[in-house]
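The primary structure of each chain is shown beneath.
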Amino acid sequence: MKKNGMIFGFILIFSISLLSGSFYQTKEWTEIIESGRTEDAAFIAETIDGNYVITGGTDSLNFGGAKTGYLKKLDQDGNILWSKTYADIDGTGFVDAFADGTFLIVAANKVKWLDENGNSTASMNISNFSITRMAKTNDGGHILLDNTTSGSGYFRIRKVGSTFGEVWTKFIDHDGNHQSYPHGPQLDHGYSVKQTADGGFIISGWSYFGSDTGKNVYLVKTNNNGDVLWEKSFGDGGQEKGYSVIEDSEGNFLVVGTTLVSQGDKVLALKTTANGDSIWYEVFSSYGWMNHVIASSNGGYLAVGGYEDWNNENYPSIMRISTDGESEWSDNTYFDNIYGKGITAMQDSDGDYVFCGWSNNDYTHTNESNIYISKYSEIEDQDIVVNEVLPFIPEWPNNEIIIAEDDTIHFEIDAYDPDGNDLTYDWTINWGAPVCTTYAYTFDLDTNVGEQYEVAVNVDDGFWNSDETGRSSVFYQWLITVVEGIDAPTDLQITISGNQIQLDWDEITSASKYNIYGSDTPEGEFTKITEITGSSNTTWTTNITDAKKFYRVTSEQ
């Protein structure tokens, strides 16, 4: 082969390279449960048999009037297995599915115990208490959150046992005090409560700090008796609200909600340490809000809520947030013309995400609404593994290949996708249309001396998501310069003797000099070490302490 090119010598063999992975989602199914009545979903849980139950409100017993509670059991594909309606319970509630297959519904001031078929077995009224949030506790009881409607500026948390007997009740005002009597000049609102790993509780909401209109996200941490340990606020006194809070596996707290900007509401998320110190605070580009957040078993967080378009129409929305506060993927039903909101989400035992809310897909905006439930699976995209690239190239822009006129050069990539997807190869010259679509390409040159060509290839696994995440691809690029034909150095030999490394190659009688290049890594920049004049000087030696791991030799006329 004639070329003013190069030959390579390696002390170490180049191993497999693997690109970093990512996650992408696929929507398994969406069900809109149309009953001809006004119904919505407020909460979802997984049952012992791997199915789902949802609770919420329906006016089926009082069409056009106040909603009463219901419980529907769905299979893993969203089909209704059975549905029960309860005239004595308010339409906004929370459901708890127990290990024995029974259920508990809590809504407003009513608690109802149900058997595995949704039949009522017992109920209890809770006087002077209107429940707005409920969460499990690690001792089989529940923590209940309530907000006053008197304008006196406090919220209450109440710990109850497994039979809903009161353990304690605490009132929390704007200053983070727990009170024996409700009072306070501020209009504070608790919206979400969870038990933490230390047995205490974390509460998120908002507080009117010094203004009747300006709100900040309000975060309160208590011990296991409801005594306040610390309280923090986040925001600039605009309209920041914290709708949902969780503790992650590292003991940090993640809050999602909304904030008002000049163009409308935008999704807000913030992360704090276990002491409430800010780690990051993000306002995303998506208009709308997030009602509920859960921790993903794959790392990061999943939030559901509503997306608002330029016509102030709302659509159910779901977003995955990384541990660093980046939106990794999101999806909303805007393109499905489903008007509504996402209310709550869960991750089931199979690792899939299921979220529910309500929808009105005909844009009539009447009082009629339907239960909306959607299921997503999340897949880790194992990126393309590249075993070998021929010719070997250092990083761009140092991957210049010098080739003689009327010569050829062969390119080849040995790669595979661990996900089993077929790979596509798009080879281009000077960024034109693809000239080859297989793993190998031979470039035939019949051009003038001095011309240059940019040869590039993109290897892709073929997956393309709506927000362009989860796609695996790898890209290589070469710059080819055409020179007058000359024999290239051949048969490069590398030997180690004592504390020295010696390079030897065959003589090129037409060469005026040889250039020695070296690099410590195969992907790194090959820098020129020295040049040797004269065609017969075909040996170069260096101390092993100064040696590089990879070498190449070129010749010039």
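That block above? That's the structure.
Residues numbered from 1 in each chain as written. Predicted model: local features only at pLDDT ≥ 70, side-chain atom pairs only at ≥ 80, totals over all residues. Heavy atoms only, no water.

Chemist: Teacher, can you tell me more about the side chain of Ser369 here?
Modeler: Along the chain, Ser369 falls in the loop between β29 (353–360) and β30 (370–381). A relative accessible area of 7% means that Ser369 is categorised as buried. Of note is the side chain of Ser369, whose polar atom sits 2.9 Å from the backbone oxygen of Glu39. Leaving out residues up to four positions away in the same chain, Ser369 has contacts with Arg37, Thr38, Glu39, Trp358 and Ser359. (Helix = DSSP H or I, 4+ residues; strand = E, 2+ residues; numbered from the N terminus. Buried < 20%, exposed > 50% of the residue type's maximum accessible area, 1.4 Å probe, protein only. Polar contact = N/O pair within 3.5 Å; in protein donor to acceptor, adjacent residues only side chain to side chain. Contact = heavy atoms within 4.5 Å.)

Chemist: Quick question: what am I supposed to make of the environment of Ser359 here?
Modeler: Turning to its location among the elements, Ser359 is positioned in strand β29. You can call Ser359 buried: its relative accessible area is 0%. For the pair formed by Ser359 and Asn314, sequence separation is 45 residues and the distance between their alpha carbons is 9.3 Å. Setting aside residues no more than four positions away along its own chain, Ser359 makes contact with Ile32, Ile338, Tyr339, Gly340, Ser369, Asn370 and Tyr372.

Chemist: For this particular structure, what's the right way to read the sheet that holds strand β24 (residues 278–295)?
Modeler: In sheet architecture, strand pairing relies on hydrogen bonds along the backbone and comes in two forms, parallel and antiparallel. Strand order across the open sheet formed by 7 strands is β21-β22-β23-β24-β25-β26-β27, with antiparallel pairing between neighbours. Of all strands in the sheet, those bounded by a partner on one side alone are β21 (241–247) and β27 (327–332). Here the average twist between neighbouring strands, direction ignored, is 30°. Two strands pair when backbone bridges link them, and β21 and strand β22 (residues 253–261) are joined in this way by 6 bridges, in the antiparallel orientation. In the strand pairing of β22, Glu247 is matched with Phe253. (Pairing = 2+ DSSP bridges. Axes fitted to C-alpha atoms, helices over the stretch in contact; angles between N-to-C directions.)

Chemist: Would you mind going over unusual backbone geometry with me for this structure?
Modeler: Backbone geometry follows two general trends: most residues other than glycine have a negative phi, and most peptide bonds adopt the trans configuration. The phi dihedral of Phe164 falls on the positive side, at around 65°, and the residue is not glycine. Along the chain, the position of Phe164 falls in the loop between β14 (154–160) and β15 (166–173). Non-glycine residue Asn430 carries a positive phi angle of around 55°. With respect to the secondary-structure elements, Asn430 resides in the loop between β34 (424–429) and β35 (440–444). Taking relative accessible area as the criterion, Asn430 reaches 41% and is therefore assigned partly exposed.

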